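The primary structure of each chain is shown beneath.
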Amino acid sequence: MAVSRRSSEVRQVELTDAALQIIATQGITALSTRTLAEHVGLSSGALFRHFPSLDALLEAVVARVESVLDATYPPGELPARDRLDRFVEARSAAVGQRVGMLRLMLSEQFLLALPKSSSARLESCVDKTRSFVHCAVREGQATGEIRADIDASALAAVVMGTTQMLALSTTNPRHGGEAQTVRDGLSALLRPVATRISKKHKKVPTKQALPRRRRRTKETQP
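Scope of this entry: the structure provided in the associated data block.

The rules behind each value
Residues numbered from 1 in each chain as written. Predicted model: local features only at pLDDT ≥ 70, side-chain atom pairs only at ≥ 80, totals over all residues. Heavy atoms only, no water. Helix = DSSP H or I, 4+ residues; strand = E, 2+ residues; numbered from the N terminus. Buried < 20%, exposed > 50% of the residue type's maximum accessible area, 1.4 Å probe, protein only. Contact = heavy atoms within 4.5 Å. Expected span 1.5 Å × (residues − 1). Polar contact = N/O pair within 3.5 Å; in protein donor to acceptor, adjacent residues only side chain to side chain. Phe/Tyr/Trp six-rings, centres within 6.5 Å; stacked < 30°, edge-to-face > 60°. 1 Å grid on protein atoms, 1.4 Å probe; cavity = no way out; pocket = protein on both sides within 12 Å on 5 of 7 lines; lining within 4 Å. Points joined across faces, edges and corners; volume = space filled by probe spheres on them. Nonpolar A, V, L, I, M, F, W, Y, C, P; charged D, E, K, R; others polar.

1. So, the overall build of the protein chain
Line of reasoning, step 1. The helix and strand inventory of the protein chain stands at 12 helices and 0 strands.
Line of reasoning, step 2. For the protein chain, the α and β elements follow one another from N to C terminus as α-α-α-α-α-α-α-α-α-α-α-α.
Line of reasoning, step 3. Residues counted as buried form 38% of the 222 residues belonging to the protein chain.
Line of reasoning, step 4. Of all intrachain contacts in the protein chain linking residues separated by at least 6 positions in sequence, the fraction that spans at least 24 positions is 63%.

Here it is as C-alpha cells:
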C-alpha cells in the first residue's frame, strides 16, 4: 500500500509540473484536464483518478508551486548576505525549470483565472518572498554586509527582479552566458560602499629605492 501511495504522489508531481509547462507555453486558459491528459499521454479516465476536476488540478498546481518555492529558502542561521546569495541561486534555478510559476504569480490575468483560494495562496507566496528578501537586506545593512546608502526596499526590489531575470535566462540559450555577469553585477551593487572604495584605492606596495652610496672622494678617503 505504501508503494502504491508513493507512486501516486510521484505521479501527481509529474502531472503538476506538466501543467506548469502548459501554462508557460500556452497560457492558463489552455490548461484543462483533457489537454493535460493529452500532454502526458494518459486517458481522461486515468487522469481523473488523480484530479477529479479542473479546480482540483489547479489546487494541486498551486500546492506544487508552494512546495518548490519553500525549498529555495536557505537556513535562517546563515549570515544575511549568504542567505541572499543562496536564495537567488536556488530560486532562479527552481523557477527557471518551471517558468509557468512566474506566469502564475506575476500575471493578474492568471491569478483571476484561478479559484479564489488558490489565487490567495499564490499571493501569499509572493508576500513571503518579498518579506524574506527585505528582511535579509535590512539585516545585512545592520551588520555591514550590505550597503546602507540605498533604501532596503529598493535593494530588495532589485534582488527580486534579478532573480526573475536569471530564472528566465535559463530557458533562453542566448542569454545563458549573461547569467554570471548578472550575478556579479548584483554582488557589486549590494557590496558596502566603504568596501568598494577601499578596494578601488588600495595602495600597491612599491619597491623603495635604496639609499645612494656616497661616492668616495679625496676628502672622504682616509
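2. Considerations on helix α9 (residues 152-169)
Line of reasoning, step 1. For α9, spanning 18 residues, the distance from its first C-alpha to its last is 26 Å, which sits close to the expected 26 Å at 1.5 Å a residue.
Line of reasoning, step 2. Taken as a whole, α9 has its buried residues at A152, L155, A156, V159, M160, T162, T163, L166, A167 and S169.
Line of reasoning, step 3. Residue D151 occupies the N-cap position of α9, its side-chain oxygen lying 2.9 Å from the main-chain nitrogen of S153.

3. What about the packing of aromatic side chains?
The geometry of an aromatic ring pair comes down to the distance between the two centres and the angle between the two planes.
Line of reasoning, step 1. This model, assessed by the stated rule, comprises 3 aromatic pairs.
Line of reasoning, step 2. Considering the side-chain rings of Y73 and F132, the 5.1 Å spacing of their centres and the 65° angle between planes classify their relative orientation as edge-to-face. Taken as a pair, Y73 in the loop between α4 (54-70) and α5 (80-96) and F132 in helix α8 (residues 116-143) lie far apart in primary sequence, 59 residues in all. By the burial criterion, Y73 is buried, and F132 matches it.
Line of reasoning, step 3. Note on F87 and F132: the rings are 5.1 Å apart at their centroids and 50° apart in plane angle, and the pair reads as tilted.

4. Quick notes on the layout of surface pockets
Any empty space left between the atoms is revealed when a probe the size of a water molecule rolls over them.
Line of reasoning, step 1. Taken as a whole, the largest pocket holds about 210 Å³ of empty space.
Line of reasoning, step 2. For the largest pocket, the lining is made up of 16 residues, of which R91, L102, M105, T129 and Q164 are closest to its centre.
Line of reasoning, step 3. Elements with a contribution of two residues or more to the lining of the largest pocket: α5, α6 (100-106), α8 and α9.
Line of reasoning, step 4. In terms of residue class, the lining of the largest pocket is made up of 10 nonpolar, 4 polar and 2 charged.

5. Here's the deal with the environment of E59
Line of reasoning, step 1. Assignment of secondary structure puts E59 in helix α4.
Line of reasoning, step 2. Looking at E59, the relative accessible area reads 24%, which means it is partly exposed.
Line of reasoning, step 3. Not counting residues within four places of it along the chain, the set of residues in contact with E59 comprises P115, S117, S118 and R121.
Line of reasoning, step 4. A polar contact is formed between the side chain of E59 and the side chain of R121, at a distance of 2.6 Å.

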